[in-house]
Amino acid sequence: MKRSLLFISLGFLIAQISFGQQPFNKKEVLAQMELANKYFMEKWPDVGKTIVTNRERPSNIWTRGVYYEGLMALYEIYPREAYYDYAYAWSEFHNWGFRNGNANRNADDYCAAQTYIDLYNLEPDPKKLKNTKSCINMLLNTPQLDDWSWIDAIQMGMPVFAKLGVLENDNRYYEKMYDMYMYTRNKHGDNGLFNPKDGLWWRDADFDPPYTEPNGEDSYWSRGNGWVIAALAKVLAIIPEDAPHRKQYIVDLKSMAEALVPIQRKDGFWNVSLHDPNHYGGKETSGTALFVYGMAYGVNNGILDKNKYLPVIEKAWNAMIKEALHKNGFLGYLQSTGKEPKDGQPLSYDKVPDFEDYGLGCFLLAGAEIYRMQ
């Protein structure tokens, strides 16, 4: 009897180790996030400094907006004043506004509003939302639905509508967000940018059929699909349980997650070209981080099966920590800006992308959701 109980206890212990209730060491995850963020904040102490690559750009463009999304996610799990101050100073420098003003239909530009709204919710002050409301209410009250003609825009724009819908307790924001999302999903290009057969998205109308990758497969760009699954996760995290169209977003997140599992690389990353591993194949951090974020959110909120997706998430997160995160906090294997697999190639552990900010934002979003896992 004692021997049987011993084997049962050992079996239970092994099961706990293999499928542990605490799959990640929270202290380590937080330390890894802090390390990567510290590298960036020390490199960019001046929040208003322009970004110079092939040309000069202001520091409230989408790349920096995505970084601040990640920083606010870090602040939510670890509210250091330095993080708040950094985000607040950036917002103040830009007068809580956008690169091309308020009469602006480009989601890349109003991506910054995600952080402005977060900061408003922490300490309400009308000045923080003056420009955001002007811009988004213009979109709300004009008939166009086709603004998000590239799938990156889904992540830049959808959460802004979701946050305002909650803040204003106004379903019109949810309805407009849904209509714009579904237009991109079902109407842009020849038949929409989402392929339900494969559970993945073409980046824009330039990449839907008959365009193919060199191996004849459809062109599904890793980071582009990452933007979509991240947007779905973020919107689901923002909107209330009874918000209209919530079920659509859940269905799409599940479809994407299902499609991503069998195409994960053996090393834990995803390739830049999801269906053609030989077309600029190789590990890539930003798309991988966004997939981790979307899947981890799904597991944490009962949308995705933990037994199926936790090993995928663990493999991907550990790969980024071991193979992309440098000891000084720099992130390697980050594809530069672009719209398809060939852009910013080749990638490497040491190569510095044209913008270092948005890749870090993706990593911080993933880390914050990993930190929440039980």
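All figures in this text were calculated on a predicted structure; none of them were measured in a lab. (Residues numbered from 1 in each chain as written. Predicted model: local features only at pLDDT ≥ 70, side-chain atom pairs only at ≥ 80, totals over all residues. Heavy atoms only, no water.)

Caption draft 1: View of the overall build of the protein chain. The helix and strand inventory of the protein chain stands at 14 helices and six strands. For 374 residues, the compact-globule estimate of 2.2 N^0.38 gives 21 Å, and the protein chain sits close to it at 20 Å. Its C-alpha atoms put the protein chain at 75 × 50 × 45 Å along the principal axes. A total of 374 residues make up the protein chain; the buried ones form 57% of that total. Look at the contacts in the protein chain between residues 6 or more apart in sequence, and 71% of them connect residues 24 or more apart. (Helix = DSSP H or I, 4+ residues; strand = E, 2+ residues; numbered from the N terminus. Rg over C-alpha atoms; globule rule 2.2 N^0.38 Å. Buried < 20%, exposed > 50% of the residue type's maximum accessible area, 1.4 Å probe, protein only. Contact = heavy atoms within 4.5 Å.)

Caption draft 2: Just the environment of D350, in detail. Residue placement: D350 occurs in the loop between α13 (306-323) and α14 (357-371). Every residue in contact with D350, bar those within four places of it in the chain, is listed here: H326 and F330.

Caption draft 3: Geometry of unusual backbone geometry. P209 connects to P210 through a cis peptide bond whose omega is 20°. Within the secondary structure, P210 is located in the loop between β4 (200-201) and α10 (222-238). In the segment running from Q345 into P346, the intervening peptide bond is cis, with an omega of -5°. Tracing the backbone shows P346 in the loop between α13 and α14. Backbone geometry at H245 places phi at a positive 75°, although glycine is not the residue there. Position of H245 among the secondary structure elements: in the loop between α10 and α11 (246-260). We classify H245 as partly exposed; its relative accessible area is 24%.

These results come straight from atomic positions and should not be treated as a statement about function.
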